[in-house]
Amino acid sequence: MLVYAGFGLIRENMRFAFFDAKQYDRPSFETYGKEAGIDFRFYETRLTPDTVELARGSDGVCVFVNDTVNAEVIDRLYEMGVGTVALRCAGYNNVDVRHAFGKVHVVHVPAYSPYAVAEHAMAMLLTSVRRIHKAYNRTKDFNFSLTGLTGFDLHGKTVGVIGTGKIGRIFVDICRGFGMQVIAYDKFPAADSKIEYVSLDELFARSDVISLHCPLTEETYHTVCAETVAKMKKGVVIVNTSRGALIDADALLEGIKARKIGAACLDVYEEEADIFFEDYSGHIMADDTLARLISMPNVLVTSHQAFLTEEALNNISQTTVQNILDLSRDGMCPNELCYRCGKTDVCRKERVGKCF
Ligand code: NAI
């Protein structure tokens, strides 16, 4: 149940243009939107400079991971008087937050089900190392041969976790449950976690499995690249449920071809924006790198699916609606993203640390 404190101040009948809408988004957003007096207009198209016009007349836009909220889009929204960008996801690398400052409010859903993502990462890892995807196809065809299905125990192996925030910490716990030795790298290590933090180089050198759970920033862009692959153990399994551009996909492919990388589990892909969430079966796949990766027997790809559980969808719509209500009430929301402008005298949030 949503609790709408101060209802009287909330503008009635707000309209939000909902981009990249999927069938699974609608039920919960329609329900919570109706309760709160928010009319979500669903558009299947993604938000880009070419489609931003669809937002005219709306109070805000509701966007997802592959919508484009760059300077051009922000300026157009500002000109049209569209005041809010409500991200229905945690990551915000697709938003020029700095450019948005003073023009549009940007809110996000910091956590909706970190368990969903961490469990998906482990599901992919297990599928890969125990060849479940291969066994599934074989037995469907009444082929009960075990040839080529030899896996390895996770117990006793070393997993290197990059980014120990909400999702990374849960993944660490899951791995500990499997009897794995956990090492981690985080720019801001968690003091109370009893996690063995090491340098990135040491993590690359020691890990049998590497799982990425940090945000995509200038610093983390291409964390996995030719140079870092060279530092990894032969046969390493790489899991990425975070953001595609953490991995240089061409370097990953080369590492796999050279038998340096033992397997890759990818829920995200660098160039996923024009591909993921759509049905391209029966089409010619234009992205050669992705096509080659998918053709590899030791590469598992899911299309940004890690978040997709009933619990997460429910939390996403509840929090997004609450974010919009918070903003409409007094122009502030605890889940607002803003960059640290340094104007502490005028900052209504009175934040002392980093703004995001
Ligand atoms: P979080 O903010 O709780 O944790 C991120 C962690 O990364 C923090 O501990 C932070 O200190 C660390 N970090 C920041 N900069 C770093 C750097 N340069 N090197 C290493 N670590 C660094 O975020 P949360 O909720 O755990 O999400 C992690 C990522 O998962 C998100 O950024 C998002 O990209 C991705 N995600 C993917 C989903 C999917 O469906 N595949 C769904 C939800 C999130």
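Note that the structure is a prediction, hence the values are computed from the model and not measured.

**Student:** Would you mind going over the sheet that holds strand 13 (residues 336–337) in detail, with residue names and values included?
**Tutor:** Pairing in this open sheet of six strands is mixed, and the strands run 2-1-3-4-5-13 from one edge to the other. Two strands in the sheet have a free side with no partner beyond their single neighbour: strand 2 (38–42) and strand 13. Alignment of strand 1 (residues 14–18) against strand 2, held across five bridges, turns out to be parallel. Note on strand 2: the bridge partner recorded for Met14 is Ile38. Set on the sheet, helix 1 (residues 26–36) makes contact with strand 1, strand 2 and strand 3 (60–63); between it and strand 2 the angle comes to about 150 degrees.

**Student:** Tell me about the domain arrangement of the protein chain, and name the residues and values.
**Tutor:** Once the domains are mapped, the protein chain shows domain 1 (2–112 + 309–330) and domain 2 (114–301). On a C-alpha basis, the centroid separation for the pair domain 1 and domain 2 is 31 Å. Tallying the contact residues gives 13 residues for domain 1 and ten residues for domain 2. When the buried surface of domain 1 facing domain 2 is broken down by residue, Arg46, Asn66 and Asn93 rank first, second and third, together holding 42% of it. For Lys22, the salt bridge identified is with Glu278, shortest N-O distance 3.5 Å.

**Student:** Describe the side chain of Asn323, and please don't skip the residues or the numbers.
**Tutor:** Turning to its location among the elements, Asn323 is positioned in helix 11 (residues 310–330). Look at Asn323 and you get buried, because its relative accessible area is 2%. With residues near it in sequence (within four places) discarded, Asn323 still touches Val107, His108, Val109, Cys333 and Asn335.

**Student:** So what about the nonpolar core? Which residues, and what values?
**Tutor:** By size, the foremost hydrophobic cluster in this structure holds 78 residues, and its most contacted members are Ile38, Phe40, Val61, Leu77, Leu252 and Leu293. A domain-level breakdown of this core finds at least three residues from each of domain 1 (2–112 + 309–330) and domain 2 (114–301). Look past the residues within four positions of Leu252 in its chain and what remains in contact with it is Ile238, Ile247, Ile261, Ala264, Leu266 and Leu293. The next biggest cluster of nonpolar side chains, apart from the first, holds 23 residues, and it includes Met124, Leu154, Ile170 and Ala184.

**Student:** I'd like a rundown of the site of the ligand, residues and numbers included.
**Tutor:** Near the ligand lie 23 residues; those nearest to it are Lys166, Ile167, Asp186, Thr241 and Asp267. The backbone of Gly165 places a nitrogen or oxygen atom 3.3 Å from an oxygen atom of the ligand. Its residues assigned to classes, the shell around the ligand shows nine nonpolar, eight polar and six charged.

**Student:** Describe the pairing of strand 1, with residues and values.
**Tutor:** Across a regular strand the side chains alternate sides, sitting on one face of the sheet and then on the other. Burial analysis of strand 1 places four of its five residues in the buried class, which makes it a mostly covered element. Following the backbone out of strand 1, through helix 1 and into the adjacent parallel strand 2, one traces a crossover that is right-handed. Both strand 1 and strand 3 contribute to a ladder of three bridges, which runs parallel. Paired with Phe16 across the two strands is Gly60, which belongs to strand 3.

**Student:** If you had to explain the sheet that holds strand 9 (residues 209–212) to someone new, which residues and values would you point to?
**Tutor:** Across the sheet, seven strands lie side by side as 8-7-6-9-10-11-12; this open sheet has parallel pairing. Looking along the sheet, the strands with just one partner apiece sit at the ends: strand 8 (196–197) and strand 12 (299–301). Two strands pair when backbone bridges link them, and strand 7 (residues 181–185) and strand 8 are joined in this way by two bridges, in the parallel orientation. Paired with Ile183 across the strands is Glu196, a residue of strand 8.

**Student:** Describe the pattern of salt bridges, listing the residues and the values that go with them.
**Tutor:** What the rule picks out here adds up to 17 salt bridges. The residue Asp192 makes a salt bridge to Arg169 at a minimum N-O spacing of 3.9 Å. With a gap of 23 residues between them, Asp192 in the loop between strand 7 and strand 8 and Arg169 in helix 6 (residues 166–177) connect regions that are remote in the sequence. You can call Asp192 exposed: its relative accessible area is 64%. Two residues, Glu254 and Lys257, come together in a salt bridge whose shortest N-O distance is 3.5 Å. Taken as a pair, Glu254 and Lys257 lie in helix 9 (residues 249–257) at a separation of three residues, close to a single helical turn. Looking at Glu254, the relative accessible area reads 45%, which means it is partly exposed. Using a relative accessible area of 35% as the deciding quantity, one classes Lys257 as partly exposed.

Quick notes on the rules
For every chain, the first residue of its written sequence is number 1, and the numbers climb from 1 along that sequence. Local features are withheld for residues below a pLDDT of 70 in this predicted model, meaning they are given only at 70 or higher, and side-chain atom pairs are given and counted only at 80 or more; totals for whole chains, interfaces and linings count all residues. Excluded from the side-chain calculation are hydrogens and water; included are all heavy atoms of the structure. The pairing criterion is simple: DSSP has to find at least two bridges between the two strands. Only DSSP runs of H or I reaching four residues or more are called helices, and only runs of E reaching two or more are called strands; each is numbered from the N terminus. For this analysis, residues touch if any pair of their heavy atoms sits within 4.5 Å. Between the N-to-C directions of two axes lies an angle of 0 to 180 degrees, each axis being a line fitted to C-alpha atoms and, for a helix, fitted only over the stretch in contact. Bear in mind that the domain bounds are from an automatic or database domain assignment. Throughout, buried area stands for the accessible area (probe radius 1.4 Å) lost by two parts on being put together, summed over both. We count a salt bridge whenever a side-chain nitrogen from Lys or Arg sits within 4 Å of a carboxyl oxygen from Asp or Glu. Summary of the burial criterion: residues with accessible area below 20% of their type's maximum are buried, those above 50% are exposed, and those between are partly exposed, where the area comes from a 1.4 Å probe applied to protein chains only. Joining through side-chain atoms within 4.5 Å is the link that ties buried Ala, Val, Leu, Ile, Met, Phe, Trp, Tyr and Cys residues into a set, and such a set is a nonpolar core. A molecule or strand has a residue near it when one of that residue's heavy atoms lies within 4 Å. Polar contacts here mean pairs of N or O atoms no more than 3.5 Å apart (in protein, one a potential hydrogen donor and the other a potential acceptor; neighbouring residues in sequence count only if both atoms are side-chain atoms). Ten residues, namely Ala, Val, Leu, Ile, Met, Phe, Trp, Tyr, Cys and Pro, are considered nonpolar, four, namely Asp, Glu, Lys and Arg, are considered charged, and the remaining ones, Gly among them, are considered polar. With the strands aimed away from the viewer, a crossover counts as right-handed if its path from the first strand over the helix to the second runs clockwise.

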